[in-house]
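For reference, the chains in residue letters:
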Amino acid sequence: MRTWPTAGAHFRARDPPMRCADSGFRPLGGPQNVVSAHPSAAVSWLGMRDLRCSLAGLLCLGVPVACADPCIDDGLGQVDESQCPSANSEGETDSGTTDGSVSDTMSTATMGTVTMGMTSSQSGTTTQGTDTMGTLDDTATMGQTETSGPSLWCVDADGDGFGDPDMCQMADEQPPGTVDNDDDCDDTNDATFPGAAPNDDPNACMQDEDDDDWGDDAPPPGVDPGTDCLDDDATTFPGAAPNDDPTACMQDEDDDDWGDDAPPPGVDVGTDCLDDDANVYPGAAELEMPPGQCMADADDDGWGDANPGGGGGGGGGPVGGADCYDTNPDLNPDTMDLMAFTPFQGGAMTPKTIETVGPMGMLGPFVTLETPMGGVPPVNIVTGSVNALGEIFVNDLNTVQLYTVDYAATCMMGTGELAPVGIPYAMAGSVVCGLEFGADGSLYGIDHADQLLTFDPATGQITGMIPIVTAGGATLNINSCGTAFDCSLGRLLVANGIDHSIYAIDTSTGEATLLRDLDPFFGAAWSPVGLEWNPLTRLAYLSTGPNLYEVDLDDVMAPPVNLGAYGESVSNLSYLPLCQ
């Protein structure tokens, strides 16, 4: 049952309609004002029949209306034109002789989109009212326009756009520092609000201190927990290391998609052995065996840095690979080979060559060296080395001078150029038996005066010298030597022919540490001597003149292995670049 409240009473909307005559009320003589319906009147649905009944309700209340006048069409009866002095068309007004002026107005009733208006002007004349009916709605307002009341405003102390539910008030105008919601679960932290961690839940009120869109898994009371296991680090969140686990909460500081293998407490453990370097991760050096090792490959040539930690690798960091020059993709085990400068003590007009050294010591032609003018160099090269830029330097016993070797542009034609660097670095007769680049890029030499020399590659001159001594402080007697650089441990090696031993030399102090005493395996002194480090096998190649050996520097009991004979004396061994 729907009702329409009126002034003082309610009537059922579906009572049978009453005619004005049935109510017992008649309009009073003289001017009368029509009383408006109650301003809060409302109905849910109103048909024509209901509308008439509502008017009848007004009559029953004794509200004076003009519906009994036969000259007025009030929707309840019909106009009897015979009783009216003058009848005009709808909406017109006739003037008569009635004293005074009476204007009765029934206020407009709005029922959804239905409007009924009724106006009566009397000065001896009557005006017929009009009815307008439209689509019906559920509300009806009689003579009143509604206005909105006060709104809820809540303090937003942290400025995140969400209000504190405990600091709210009702007000018509927005107070300063407030917002129109009470959704904040922690109004002291602008990193905590509904939707702060959309990767966890786009609606939940979570804390995301590191702004990685994942919610803290251990937030303050009253805050919804998320799944971020370290919410003060934006590199740590679920799925940070998809190559390890697409859902685990791991730390990936270098953004290589592998998780730190030693993360902070509470973070899942990954397999990245150096998580601050994107060049280090499992399988970075795909050419190394076995595959999947956590190595560094800075030059992206597929070979792992032989000394990634600067101290020999290991220790929980990256595994050492076989690349001694990991900043240069043109220098690696695929692009270099073991070679020797020949001949030893050749005549002035004897061709000077670089030859490859086979697995059994067999020598093979590589390039023939020429002077810048195309002639035969009158040199006796006994040692040489290459730096990380691929620059080759050698020492000539005849002129006591350094030379550069360049065959990059002419390698395919089988030739290379030998050019002097500056002037002689010492007096004639001085012997530098070993020449080698160290870990810091410096060029070192060892002479028969038992000294460790430092050369300037730009000028070919000696810039420093310190005596080579044993651990006890005694001078190490050196006569006929070969040098190499162990790139896996960053140490300078020297093979001393006079005592059949191999040492590691500290380049800052000159102290010699004995690695292998091979005297039990050899009789006569080694002369000449060559030495090179093999980064693939972690073994040393030793040339004792006519023969090539392989030596394990870590196993002091392992005998040297004779790989074969050269067929001539070889005074040096070096890994040099192949033709590109």
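The rules behind the values
- Residues numbered from 1 in each chain as written.
- Predicted model: local features only at pLDDT ≥ 70, side-chain atom pairs only at ≥ 80, totals over all residues.
- Heavy atoms only, no water.
- Helix = DSSP H or I, 4+ residues; strand = E, 2+ residues; numbered from the N terminus.
- Contact = heavy atoms within 4.5 Å.
- Areas by Shrake-Rupley, 256 points an atom, 1.4 Å probe, with all protein chains shown as cover.
- Salt bridge = Lys/Arg side-chain N within 4 Å of Asp/Glu carboxyl O.
- Buried < 20%, exposed > 50% of the residue type's maximum accessible area, 1.4 Å probe, protein only.
- 1 Å grid on protein atoms, 1.4 Å probe; cavity = no way out; pocket = protein on both sides within 12 Å on 5 of 7 lines; lining within 4 Å.
- Points joined across faces, edges and corners; volume = space filled by probe spheres on them.
- Pairing = 2+ DSSP bridges.
- pLDDT = per-residue confidence, 0-100.
- Disulfide = S-S within 2.5 Å.
- Axes fitted to C-alpha atoms, helices over the stretch in contact; angles between N-to-C directions.
- Phe/Tyr/Trp six-rings, centres within 6.5 Å; stacked < 30°, edge-to-face > 60°.

Q: Is there a simple way to explain the overall build of the protein chain in this structure?
A: Helix and strand counts for the protein chain stand at two helices and 33 strands. Long-range contacts, defined as pairs at least 24 residues apart, comprise 46% of the intrachain contacts of the protein chain with a sequence gap of at least 6. Carbon and sulfur atoms provide 52% of the accessible area of the protein chain, an area that totals close to 27200 Å².

Q: Sorry, what's going on with the pattern of salt bridges here?
A: Between side chains of opposite charge, pairing is possible as soon as their charged atoms come close. Applying the stated criterion across every chain yields a total of one salt bridge. One salt bridge connects Arg491 with Asp486, and the closest N-O pair in it is separated by 2.7 Å. A relative accessible area of 17% means that Arg491 is categorised as buried.

Q: Looking at this structure, I do not really get the layout of surface pockets. What am I missing?
A: The gaps of empty space that remain are located by a probe, the size of a water molecule, rolled over the atoms. By volume, the largest pocket is sized at about 780 Å³. As for the largest pocket, its lining consists of 37 residues, of which Asp323, Cys324, Tyr325, Phe485 and Cys487 are closest to the centre. Contributions of two or more residues to the lining of the largest pocket are made by strand S14 (336-342), strand S17 (381-386), strand S21 (432-437), strand S29 (530-534) and strand S33 (574-577). Here the element with the most residues in the lining of the largest pocket is S29; it accounts for three residues.

Q: Is there a simple way to think about the sheet that holds strand S6 (residues 168-171) in this case?
A: The strands making up a sheet associate through backbone hydrogen bonding, with each pair oriented either parallel or antiparallel. With antiparallel pairing, three strands are arranged side by side in an open sheet as S6-S5-S7. Each edge of the open sheet carries a strand with a single partner, namely S6 and strand S7 (178-179). Sheet topology note: the strand S5 (residues 151-155)/S7 ladder contains two bridges and is antiparallel. Looking at the pairing, Val155 lines up with Thr178 of S7.

Q: What am I meant to see in the confidence of the model for the protein chain here?
A: Low-pLDDT stretches of the model should not have their predicted coordinates read in fine detail. Taken over all residues, the pLDDT of the protein chain has a mean of 81, while the share at 70 or more is 73%. Every residue in residues 74-78 is under pLDDT 50, and counting partners more than four places away or in other chains gives 14 contacts. Below pLDDT 50 for its whole length, residues 85-145 participates in 135 contacts with residues either more than four positions away or in separate chains.

Q: Can you help me understand the state of the cysteines in this one?
A: Think of a disulfide as a covalent bridge from one cysteine sulfur atom to another cysteine sulfur atom. With the rule as written, the count across this model stands at seven disulfides. Each sulfur in the disulfide pair Cys433 and Cys481 lies 1.8 Å from the other. Here the disulfide of Cys433 and Cys481 is right-handed, its torsion about the S-S bond being about 100°. On the criterion of sequence distance, the pair formed by Cys433 in strand S21 and Cys481 in strand S25 (residues 481-486) is long-range, its members being 48 residues apart. Each member of the pair, Cys433 as well as Cys481, carries the same accessibility label: buried.

Q: Help me understand the sheet that holds S29 in this model?
A: Across the sheet, which stays open at both edges, the four strands sit in the order S29-S30-S31-S32 with antiparallel pairing between neighbours. At either end of the open sheet lies a strand with only one pairing partner, and these are S29 and strand S32 (561-565). Each strand of the sheet is rotated relative to its neighbour by a mean of 20°, with strand direction disregarded.

Q: It is not clear to me how the packing of aromatic side chains should be interpreted in this structure. Could you clarify?
A: The geometry of two aromatic rings is summed up by the distance between their centres and the angle between their planes. Under the defined criterion, the tally for this structure stands at eight aromatic pairs. For the ring pair Tyr425 and Phe455, a centre distance of 5.0 Å and an interplane angle of 80° mean the geometry is edge-to-face. On the criterion of sequence distance, the pair formed by Tyr425 in the loop between strand S20 (415-420) and S21 and Phe455 in strand S23 (residues 451-456) is long-range, its members being 30 residues apart. One exposure class covers both Tyr425 and Phe455, and it is buried. Ring geometry for Phe522 against Tyr549: centres 5.1 Å apart, planes inclined by 80°, an arrangement best described as edge-to-face. Of this pair, Phe522 sits in the loop between strand S28 (512-517) and S29 while Tyr549 sits in strand S31 (residues 547-551); the two residues are 27 residues apart in sequence, bridging distant segments of the chain. Judged by its relative accessible area of 14%, Phe522 falls in the buried class. Residue Tyr549 is classed as buried on the basis of its relative accessible area, which comes to 13%. Chaining the aromatic ring pairs together yields one cluster made of Phe522, Trp526 and Tyr549.

Q: Mind showing me how you'd approach unusual backbone geometry here?
A: Generally, phi is negative for residues other than glycine and the peptide bonds are trans, each holding for most cases. Following Met289, the chain continues to Pro290 via a peptide bond in cis, the omega torsion being -5°. Considering the arrangement of structural elements, one finds Pro290 in the loop between strand S12 (280-282) and strand S13 (294-296). Across the junction of Ser527 and Pro528, the peptide omega takes the value -10°, indicating a cis bond. Its location among the elements puts Pro528 in the loop between S28 and S29. Phi is positive for Asp450, which is not a glycine, with a value near 65°. Among the structural elements, Asp450 can be located in the loop between strand S22 (443-447) and S23. Asp450 gets classed as buried once you look at its relative accessible area, which sits at 13%. In this structure, His500 takes a positive phi of about 55° despite not being glycine. Looking at where His500 falls in the secondary structure, it is placed in the loop between strand S26 (491-496) and strand S27 (501-505).

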